[in-house]
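Read off the chains here:
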Amino acid sequence: MVLNRIGDKWALLILDCLRDGSARFSVIRRKIGGISQKVLSQVLKNLERDGLVLRTVHATVPVAVEYSLTSLGETLTQAVASLTHWAEQHMEEVQEAQLRYDGKRIDG
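A brief look at the structure comes next. (Residues numbered from 1 in each chain as written. Predicted model: local features only at pLDDT ≥ 70, side-chain atom pairs only at ≥ 80, totals over all residues. Heavy atoms only, no water.)

Right, let's talk about the packing of helix 2 (residues 9-18) against helix 4 (residues 37-49) for a bit. Contact geometry for helix 2 and helix 4: axes closest at 10 Å, N-to-C directions at 75°. The orientation of helix 2 relative to helix 4 falls into the category roughly perpendicular. Taking contact as the criterion, the partners of Trp-10, Ala-11, Ile-14 and Leu-15 in helix 2 are, on helix 4, Val-39, Leu-40, Val-43, Leu-44 and Leu-47. Grouping the amino acids of the contact of helix 2 with helix 4 by side-chain chemistry returns 9 nonpolar, no polar and no charged. (Axes fitted to C-alpha atoms, helices over the stretch in contact; angles between N-to-C directions. Helix = DSSP H or I, 4+ residues; strand = E, 2+ residues; numbered from the N terminus. Parallel < 35°, antiparallel > 145°, perpendicular 65-115°, else oblique. Contact = heavy atoms within 4.5 Å. Nonpolar A, V, L, I, M, F, W, Y, C, P; charged D, E, K, R; others polar.)

Take a look at the structure:
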């Protein structure tokens, strides 16, 4: 169950985003890019439920909500950061390998 949650690409990106400190919903969405409002909301709720993210509501007008890592979430971020950064650095190589593989399957 836990591997399922942290294996989700959006969860990994959110955890990595919060590694630098708390952030509002709109900031997280802007930093990640490509994530819908609905998906971001659902993943944040799941991470909060799992005890990895803390949701803090500030009594301002309008109400401000910030998300941050819990102490449990912080213990996970080093591994998450390594995996996320590896993926960012090697994405093109993986995509090239996929194209080569797919080309062999079509030709072969």
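The rest of the description comes next.
This next bit is on the nonpolar core. Membership of the largest hydrophobic core comes to 22 residues, with the highest contact counts inside it found for Ile-14, Leu-15, Leu-18, Ile-28 and Leu-47. Contributions of two or more residues to this core are made by helix 2, helix 3 (25-32), helix 4, strand 3 (64-69) and helix 5 (71-107). A per-element tally of this core places helix 2 first, with 7 residues. Beyond its immediate stretch of four places on either side in the chain, Ile-14 contacts Ile-28, Ile-32, Leu-40, Val-43, Leu-44 and Leu-47. (Core = buried A, V, L, I, M, F, W, Y, C linked by side-chain atoms within 4.5 Å. Buried < 20%, exposed > 50% of the residue type's maximum accessible area, 1.4 Å probe, protein only.)

To continue, consider the pattern of salt bridges. Taken as a whole, this structure holds 1 salt bridge when the rule is applied. We note a salt bridge from Asp-16 to Arg-19, for which the minimum N-O separation is 3.2 Å. Owing to a relative accessible area of 13%, Asp-16 belongs among the buried residues under this scheme. (Salt bridge = Lys/Arg side-chain N within 4 Å of Asp/Glu carboxyl O.)

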